[in-house]
Amino acid sequence: MAEPRPSRKSKAAALAGLRNLSGRRQPPAAEIEEEPMNESTEVVHPDVESENDFEEPKMAPRSVRKRAGPGEGSTSSRRGRRGGARDSSRKKTQEEPESEGSLFEIVKSGKTALTTVIDDWIEAYKQDRDTALLDLIQFFIHCSGCKGRITPHMYHNMEHAEIIRKMTEEFDEESGDYPLIMSGPQWKKFKANFCDFISVLVRQCQYSIIYDQYMMDNVISLLTGLTDSQVRAFRHTSTLASMKLMTSLVDVALNLSIALDHTQRQYEAERTKSKGKQASERLEVLMEKRKETEENQEEIRHMLTYIFKGVFVHRYRDSQPEIRGICTNEIGVWMKRYPSMFLDDSYLKYIGWTLYDRVGDVRLCCVRCLQPLYDTEELAPKLELFTNRFKDRIVEMTLDKEYDVAVQAVRLVISILKYNDTVLTDKDCENVYELVYSSHRGVAQAAGEFLNAKLFSRELDDAMKNQKTKKGKKRSENTPFIRDLVLFFIESELHEHGAYLVDSLWEINDMLKDWECMTDLLLEEPGKGEEPLDDRLETSLIEIMVCCVKQAATGEYPVGRGTTSRKVTNKETRQVAEDKAKLTEHFIVTLPQLLAKYGADAEKVANLLNIPLYFDLEIYTTGRHDKQLDALLRHIDNIVDKHTEHEVLEICSKVLESLVNDEYVIANKCGVHRSTLIDRLVQNYLEAYRNFFQQFEEPDEDDAYALTASLRRIYAFYCCHDLNQSDLWNSLFTIVKTNSDERSLPKEILCKAIGCCHISLMWQLSALDQTTTDEAAMSPLKKNLKNFLDRCTVLLKHNEDSVQEEAYISICDLLVVFGKNLANNNAALASLTHSADGGLRESLSHFLNEKVFIEDEDDTMDENHKIEELHKRRNFLAAFCKLIIYNVIKIKCAADMFKYYMKFYNDYGDIIKATLSKAREINKVQTAKTLALSLTQLFRELQLEQGTVDRGSEGFLAIKELARRFSLSFGLDQIKNREAVAALHKEGIMFVINGGRDTASGIPLNFAFLEILCEFSGKLMKQDKKVVLAYLNSNFKGPDNLHGEEGAPLAAYRHSLLMGEGDSTFQSAKPVSTGRRGRGAKRKLPLDMEESTIQGAQHGVDQTPAANFAQPWTSTAVKRPRAEHELESASEQGIEDVEGSERNYDSSSSEPVAHCSHTEPPRRHSRRIDKSDDFLDRISSILAITQKKSCPLEESDDDDVEPSSVDLDSRVDQFVSPLVESSSEVESVGQMVGGWDYPSGRIVGKKNEIANDEPPDWFEESSDVEEEKEEFESMIPFKRIKKTQRLFH
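Residues numbered from 1 in each chain as written. Predicted model: local features only at pLDDT ≥ 70, side-chain atom pairs only at ≥ 80, totals over all residues. Heavy atoms only, no water.

> Would you explain the overall build of the chain in this entry?
When helices and strands are counted, the chain shows 54 helices and zero strands. Within the chain, the proportion of its 1289 residues that are buried is 52%. Within the chain, contacts between residues separated by at least 24 positions form 78% of all contacts whose residues are at least 6 apart in sequence. Roughly 61,200 Å² of accessible area belongs to the chain as shown, and the carbon and sulfur atoms make up 48% of that amount. (Helix = DSSP H or I, 4+ residues; strand = E, 2+ residues; numbered from the N terminus. Buried < 20%, exposed > 50% of the residue type's maximum accessible area, 1.4 Å probe, protein only. Contact = heavy atoms within 4.5 Å. Areas by Shrake-Rupley, 256 points an atom, 1.4 Å probe, with all protein chains shown as cover.)

In structure tokens:
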């Protein structure tokens, strides 16, 4: 394959020619209208290249003329006839079918080894290099997705810029896709084959052809021209090819460096020989070889420099993130492989600037390319200036809104720490430390690695390694690290999140499984020179130890971190079983000792008693630990007798519940002990009850305390154990029904009694499920349930808040358990079902208004207390919402909740939104009526406040905003919500009609409500708008002189129903096939409605003021023109604009929106919406004209209809648009970590500093971008404008 290498003279000419490649020329005046602007696809920053580290070469045109081959000496004979080329460019070239043997087809199939393909091409190149090079150029064109062909005539008579322009005109793909972005396994493999092809091509040609002054010049010239194309496919493909070509040339330069070093050593070895042994001819050969290698190396450097300046410098700030990512990835490879040239501040600054990119994938590429540089010991010192300049940004990226970027940024900070631990300040480290409590497990684990590297990886001195306790027991080597971990946990001041800290370090440091080290610190007295643990350190250590036990025994992630549906591997299962056995063996012995030492401390005991819940209880039997079991049970008895705190009693009850599990041998022994303990507790309670309720005696404080303490213990054990055999119901219910006017009961006694009765009813129901039920067995439960609910209803008005809250929770839970679903699960229990009457529903709604939907006015309240109160109120609201979701109460009862959706969105928005979604699954029509009812309630409240409603007031605008959000919740599928929306409009119209009239003017009192109904008109289908309008005109009889401001609500409502008469609207998210493309058959109204509907629609048209519509606006980035109503609909629905829309392009792209003069008018896309012609009959029946004048929003028979079956269609929520925009808080976080805020200063004037270190301003627009687009559009035939638009950007 070898070819004679060119002479020095030819090489000098080649180098000179390549230098000329870097110049730019101004096109002749006649060509300006046809040649596309080169920089229009860049995000321009005018100062980026000023004061640069390298001198900007005099740039030649990107469309460089190809090198003249043999016999092509004259310039005119090569390419001089532009006129013919220009004329031919306006005609479509006949596309020839692609040959199966073309390079593109071979690479796409991947069936042939690339080395063989390249060898065959080299042989062809040696025979006829013009033909072979034409095949290579055609390969790049086809890889861009363009099917146009370059003929030999075009190749010899047109410059590269003209060829690219010609191919652009023929780029008329329908979809806009091209191989690099197409999906499927074949195209994923193609991208890898494409990159390998370029690498193999350069590798196979590195000894001869790349220096022949022809092949590389033409390839570089073509790719450089393509990277300036307006067509994204050309720009993307050529940029990838150019960057891979440069990477391959870097490998060639490395090989040349190795060869030069080898030749130099040979030359020095030969020269140092004595004159008698020297071979003069060999010295000359080595000298010639060295000189030739140096020349080749210099030529490769020129190629690298030109590609970098001609492609990378412009494309690293391209408008497309994929292209920017390619550039960033490759420059990292160059720096790693060829640091002598690229690991320099003049190149590093581009990575530093790109750290501020607005797209997460590009920022991720930057961080990943820096990682290996810092990890390499020889390269890290060269990054000192870069680190000082961009360290703050790297640390800031640990808070990136993209989790993948944040993870890699933390790992990069770890690499910086290992390179030089003095670079990071304490503030920098603290920013990373806090991330161990992140809810994202990847970020938390990365922060755990940083914490481990900073605090737990240091070398210990001999004194710390040989520490001993007071008794002489040697401490574990992990003891200093455990102390540091506890101190870190205390200083972080997040004491309720120890599980998060443990999980962050779990897979990184094994000290978390050193049980002996932890228990020794708690049990053993400190040795000489060792500081004892104070109370705070002991409490924190116990909390961390318990979290470690749970993590080891379950292998589960903490709540809120990680996915709940994670599949556990067999290896993880074996590891968990092994860890569980080890911790059980250790704590079976040490736990009784710990309980004995800390039994008096409620907080420590509550944590320690969690440990038996994670035991492998079988080890008590296999290990013969009977004494340890007896000691544990004895300590539990003592703890129950000593403590009255709910947390301590609750955990004692849970431990006993786990010990009496019938699966284990110890169950019988533990069961006997449990019965003895419960009997003692019941006896103490009954005695305290009798003392408190002694006849004719007022109880003192001791009696109240004894009853309170006994009720606490009874309640804690009632939750886990069935105490109904002790016959406690009568005494407990006596406390509940005691009249507070006759005897003052402490609120805690009453609350605990309510809770015990609640649990008792649950145990009674559980006993019925397990036995054969009959009426005699169910009668006591039914009686107790009714009496208890009646009493709790009364207690909802108790003067103590805690009593009201306990009664409310009990009512809601019992109504759900004893609701209609109880009979569905067990038909024999149908007689136990209990429904809420009107009084109870009203009481529950009143409780919500008084206890949930209230604003915090106490600014002095502690922040933690506010959070606890909010959490409690959210539980109250969730309990009420369960009643609606489970059909316990009617959907209409949710109106009192829905009306607060906007006012309390930050506190309860997620709960209300989820309830609304579930209510729609039950019955869409009733849910729509409920939304209308909530709006009318707010409107009445506004009337009571203002008298005559002011449509410009803040209250009225708030109702309109709520209506808009309700409208968005209907989603995009108009067919699925057709009847519901129509019913809502009917309810609103009837509210206006039946609300009474002003005696003086005759205008309905609720007339302004029509303006609120306008928010829902966009959800009506075109046919239904006519029906609703006819219904309005037939029923609404207003004054004849209703004009101007007085008639504005009616005019606005009619106008909203008339909008879109000439336009098509999106009707269904599911595409429906039609007989003709783009058009569906026109739907006719039913014969009995058609005439009246049309007449009704015509009535009032003259009264409606004409709308001043703006003309549709489009840009070259639009894939299809969109009418104004489509844009308004998309905006109202709150959905994110899809890629390619004007809004998306205007907000995310760095280019201004330009108007396209060739945009065609929007086409109609009417669709067939329903196959049954009686569908409009159903809508009409909903809107039927009735003579009944009662307001339908009051109590009516409609609400007694059974809800329809739940619609479980998975597509219900697919098209539901979000109800709220991003909060300002989220936006501020995105601005902080998303790469949108850029530093404004720059460092200049010092030696070796990074000059011009401002990142490109991604939001600064080029003043001539619009002119460039218009110029480019003028080159494209009018008939292809719509097809080519989708190719750009």
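> Please clarify how helix α44 (residues 978-993) should be interpreted in this entry.
Every α-helical turn comprises 3.6 residues, leaving residues that sit three or four positions apart pointing alike. Counted at 1.5 Å a residue, the expected span for α44 with its 16 residues is 22 Å, and the 23 Å between its end C-alpha atoms agrees. Among the 16 residues in α44, 15 count as buried, and that is most of the element. (Expected span 1.5 Å × (residues − 1).)

> Would you explain helix α35 (residues 775-795) in this entry?
Here α35 spans 30 Å end to end across 21 residues, near enough to the 30 Å set by a 1.5 Å rise per residue. Within the span of α35, buried status applies to Met-778, Leu-781, Asn-784, Leu-785, Phe-788, Leu-789, Arg-791, Cys-792 and Leu-795. Down the axis of α35, the sector holding all buried residues measures 165°, keeping them to one side. Residues Glu-775, Ala-776 and Lys-783 are exposed on α35 and point more than 90 degrees away from its buried face. (Arc of directions from axis to C-beta.)

> How do you make sense of the environment of Phe-481 when you look at a structure like this?
Mapped onto the elements, Phe-481 comes out in helix α22 (residues 479-492). Residue Phe-481 is classed as buried on the basis of its relative accessible area, which comes to 9%. Sequence separation of Phe-481 and Leu-455 is 26 residues, and the distance between their C-alpha atoms is 7.7 Å. Phe-481 has contacts with Leu-455, Phe-456, Arg-458, Leu-460 and Met-511, leaving out every residue within four places of it along the chain.

> Looking at this structure, how should I read the packing of helix α5 (residues 114-127) against helix α6 (residues 129-143)?
For any two helices packed against each other, the geometry is given by the interaxial angle and the distance between the axes. Interhelical geometry of α5 versus α6 gives an angle of 140° and a closest axis separation of 6 Å. As judged from the angle between their axes, α5 and α6 are oblique. Together, Trp-121, Ala-124, Tyr-125 and Gln-127 of α5 and Arg-129, Ala-132, Leu-133 and Leu-136 of α6 make up the contact between the two elements. Residue classes in the contact of α5 with α6 are distributed as six nonpolar, one polar and one charged. (Axes fitted to C-alpha atoms, helices over the stretch in contact; angles between N-to-C directions. Parallel < 35°, antiparallel > 145°, perpendicular 65-115°, else oblique. Nonpolar A, V, L, I, M, F, W, Y, C, P; charged D, E, K, R; others polar.)

> How should I be thinking about a negative patch on the surface in this particular structure?
Together, Glu-496, Asp-862, Glu-863 and Glu-868 line one region of the surface with negative charge. Along the chain, the position of Glu-496 falls in the loop between α22 and α23 (498-505). Since its relative accessible area comes to 73%, Glu-496 is described here as exposed. (Patch = residues over 30% accessible without salt bridge, like charges linked within 9 Å, V, L, I, M, F, W, Y side chains within 5 Å. Salt bridge = Lys/Arg side-chain N within 4 Å of Asp/Glu carboxyl O. Lys, Arg positive; Asp, Glu negative; His and termini not counted. Charge placed at Lys NZ, Arg CZ, Asp CG, Glu CD.)

> How do you make sense of the pattern of salt bridges when you look at a structure like this?
Where charged atoms from two side chains of opposite charge approach closely, those side chains can pair. Overall, the coordinates contain 44 salt bridges when judged by the stated rule. The partner of Arg-458 in a salt bridge is Asp-484, and the shortest N-O contact between them spans 2.8 Å. With a gap of 26 residues between them, Arg-458 in the loop between α20 (441-455) and α21 (462-465) and Asp-484 in helix α22 connect regions that are remote in the sequence. Close ionic contact of Arg-951 with Glu-1011 constitutes a salt bridge, the shortest N to O distance being 2.7 Å. Of this pair, Arg-951 sits in the loop between α42 (924-946) and α43 (954-968) while Glu-1011 sits in helix α45 (residues 1009-1013), placing them 60 residues apart in sequence. Each of the salt bridges in this network shares a partner with another, and the network as a whole consists of Asp-228, Arg-235, Arg-315 and Asp-318.

> Whenever I open this one, the packing of aromatic side chains confuses me. Can you help?
The description of an aromatic ring pair rests on the distance of the ring centres and on the angle between the ring planes. Taken as a whole, this structure holds 47 aromatic pairs when the rule is applied. A ring pair is formed by Phe-140 and Phe-194, whose centres lie 6.4 Å apart and whose planes are at 90°; its orientation type is edge-to-face. Of this pair, Phe-140 sits in helix α6 while Phe-194 sits in helix α9 (residues 185-205); the two residues are 54 residues apart in sequence, bridging distant segments of the chain. Each member of the pair, Phe-140 as well as Phe-194, carries the same accessibility label: buried. (Phe/Tyr/Trp six-rings, centres within 6.5 Å; stacked < 30°, edge-to-face > 60°.)

> Would you mind going over the state of the cysteines with me for this structure?
By definition, a disulfide links the sulfur atoms of two cysteines through a covalent bond. Considering all chains together, one arrives at zero disulfides under this definition. Here Cys-757 stays free of any disulfide, with the sulfur of Cys-756 as its closest cysteine sulfur at 7.1 Å. (Disulfide = S-S within 2.5 Å.)

> In this structure, what is going on with the environment of Thr-263? I would like to understand it.
Structurally, Thr-263 can be placed in helix α11 (residues 232-271). Taking C-alpha positions, Thr-263 is 6.5 Å from Leu-286, a pair spaced 23 residues apart along the chain. Dropping the residues within four chain positions of it, Thr-263 is found in contact with Leu-286, Lys-289 and Arg-290.

> What should I look at first to understand the packing of helix α41 (residues 905-922) against α42 in this one?
One way to put it is that α41 packs onto α42 with a least axis distance of 6 Å and a crossing angle of 135°. Between α41 and α42, the interaxial angle falls into the category oblique. Contacts between α41 and α42 pair Leu-916, Ala-919, Arg-920 and Ile-922 from the former with Lys-924, Thr-927 and Leu-931 from the latter. Residues belonging to the contact of α41 with α42 are distributed by class as follows: four nonpolar, one polar and two charged.

> Can you walk me through unusual backbone geometry in this structure?
In most cases, non-glycine residues show a negative phi, while peptide bonds are predominantly trans. Of note in this structure, Arg-624 is not a glycine but carries a positive phi near 55°. Residue Arg-624 is classed as exposed on the basis of its relative accessible area, which comes to 74%. Its identity is not glycine, yet Asp-727 carries a phi of approximately 55°, on the positive side. Assignment of secondary structure puts Asp-727 in the loop between α32 (701-718) and α33 (729-737). Judged by its relative accessible area of 54%, Asp-727 falls in the exposed class.

> For this particular structure, what's the right way to read the side chain of Lys-851?
Summarising the element assignment, Lys-851 is placed in helix α38 (residues 838-851). Of the polar contacts made by the side chain of Lys-851, one reaches the side chain of Asp-801; its length is 2.5 Å. Ignoring anything within four residues of it in the chain, the contact list for Lys-851 reads Asp-801, Gln-804 and Arg-873. (Polar contact = N/O pair within 3.5 Å; in protein donor to acceptor, adjacent residues only side chain to side chain.)

> Looking at this model, I keep getting lost on the environment of Met-902. Mind explaining?
By the secondary structure assignment, Met-902 is in the loop between α40 (895-898) and α41. For Met-902, a relative accessible area of 26% gives the class partly exposed. With sequence-adjacent residues up to four places away left out, Met-902 is seen in contact with Glu-961, Leu-962 and Arg-965.

> Looking at this model, I keep getting lost on the confidence of the model for the chain. Mind explaining?
Atom-level detail of predicted coordinates should not be read off regions where pLDDT is low. Per-residue confidence for the chain gives a mean pLDDT of 75; residues scoring 70 or more make up 72%. Residue range residues 1-98 is modelled with pLDDT below 50. Its contacts to residues more than four positions away, or to other chains, number 234 contacts. When the criterion is pLDDT under 50, residues 1062-1289 qualifies, and its contacts beyond four places in sequence or with other chains add up to 429 contacts. (pLDDT = per-residue confidence, 0-100.)

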